[in-house]
Amino acid sequence: MSEVYNERIDKIISAMGLMSRKDCARAARNGRITLNGAVTKAVDIKISNTDVLCLDGERIVYSKYMYILLNKPKGYVCAAEDGKYPTVFELLPKNYLNLGLFTVGRLDMNTTGVLIITNDGELSHKLLSPKNKVVKTYRAITKFPVSQNDINIAAKGMKLDENDTALPADITRVDEHTYDIKVYEGKFHLIKRIFLALHNQVRELERIDFAGISCNDLENGEWRFLEDEEINALKEAVTR
Ligand code: URA
């Protein structure tokens with residue numbers, strides 16, 4: 001989390017989801033905030049990466065952007081709100097709800113696996129732009145075996161329906177009903193539509209990799225912050 005910043009103390013504390021700006025001013029008056037080891041009553045002071053800010057003795061390590069990796073479970077929708085189903089944001093701490101976080105693309109309600117959640121709009125936009133051909137790998141359990149002919153059709157780019165086509169996708173066989181498929185674009189229901197166009201059907205779908213990021217260390221429903229190297233890898237994936 002190493003980008004350079006110059007931000008007000010109250011902005012930092014509220015942006016981290018710790019408390020509102022108003023509560024922050026009160027906390028400062030009560031001597032709960034220290035800056036470089038000394039109590040500060042002013043919360044409008046701008047600080048940068050080299051300053052040590054603490055609330056109740058706990059260091060606050062600020063990052064302008066948050067990058068979260070969630071192993072999405074079934075039954076959750078990728079939306080800010082949904083009248084019917086729980087959203088993936090309900091799997092995060094409550095105080096993260098007002099931080100302007102969104103999912104980088106969407107996974108269907110019953111698709112599991114790698115989901116990146118951030119408030120970095122620029123990076124998200126670049127990761128989703130077909131121009132950057134960012135690779136995503138899905139593992140699909142299919143109703144029928146997939147033939148070599150189907151694999152060749154998908155590899156060339158194919159018609160999805162009357163009005164839409166898919167860019168070339170690489171399918172590799174894991175077993176008779178399990179296939180890994182690499183795609184370089186992010187169309188709605190893309191994987192299900194590819195297999196449907198091949199007269200097949202996806203029974204289960206998991207995203208196992210997004211631009212080199214995987215979530216093997218997380219159980220379904222668990223999340224963690226992306227490591228600096230992972231964030232850098234994402235940034236590199238869109239500058240190549
Ligand atoms: N393609 C699909 O069909 N579903 C997803 O969730 C993601 C890609």
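For the structure itself, look to the data block above.
Residues numbered from 1 in each chain as written. Predicted model: local features only at pLDDT ≥ 70, side-chain atom pairs only at ≥ 80, totals over all residues. Heavy atoms only, no water.

Participant: I tried to follow helix α5 (residues 190-197) on my own but got confused; where do I start?
Facilitator: Each α-helix winds once per 3.6 residues, and so residues spaced three or four apart point in a common direction. Buried within α5 we find Leu 190, Ile 191, Arg 193, Ile 194 and Phe 195. For α5, the secondary structure elements touched by its buried residues are β10 (136-142), β11 (158-161), β12 (164-166), β13 (170-175), β14 (178-183) and β15 (202-210). At the exit of α5 stands His 199, carrying a positive phi of roughly 60°. (Buried < 20%, exposed > 50% of the residue type's maximum accessible area, 1.4 Å probe, protein only. Helix = DSSP H or I, 4+ residues; strand = E, 2+ residues; numbered from the N terminus. Contact = heavy atoms within 4.5 Å.)

Participant: How should I be thinking about the site of the ligand in this particular structure?
Facilitator: Taken together, Leu 107, Asp 108, Thr 111, Tyr 138, His 189, Leu 190, Ile 191, Lys 192 and Leu 205 make up all the residues around the ligand. The contact in question runs from an oxygen atom of the ligand to an N or O atom on the backbone of Lys 192, over 3.0 Å. Protein chains shield 96% of the accessible area of the ligand, which is 240 Å² for the free molecule. The element that contributes the greatest number of residues to the shell around the ligand is α5, accounting for three residues. (Near = heavy atom within 4 Å. Polar contact = N/O pair within 3.5 Å; in protein donor to acceptor, adjacent residues only side chain to side chain. Areas by Shrake-Rupley, 256 points an atom, 1.4 Å probe, with all protein chains shown as cover.)

Participant: Explanation requested: the environment of Lys 74 in the structure shown.
Facilitator: With respect to the helices and strands, the residue Lys 74 is situated in the loop between β7 (67-72) and β8 (102-103). Between the C-alpha atom of Lys 74 and that of Gly 121, which follows or precedes it by 47 residues, the distance is 26 Å. With sequence-adjacent residues up to four places away left out, Lys 74 is seen in contact with Met 109, Asn 110, Thr 112 and Glu 204. Of the polar contacts made by the side chain of Lys 74, one reaches the side chain of Glu 204; its length is 2.8 Å.

Participant: Would you explain helix α4 (residues 148-156) in this entry?
Facilitator: Buried residues of α4: Asp 150, Ile 151 and Ala 154, and no others. Seen end-on, α4 carries its buried residues on one side only, within an arc spanning 100°. For α4, the exposed residues lying more than 90 degrees away from the buried face are Gln 148, Asn 149 and Lys 156. Looking at the buried side of α4, the elements it contacts are β11 and β13. Downstream of α4 by a residue or two, Gly 157 has a phi angle that is positive, lying close to 90°. (Arc of directions from axis to C-beta.)

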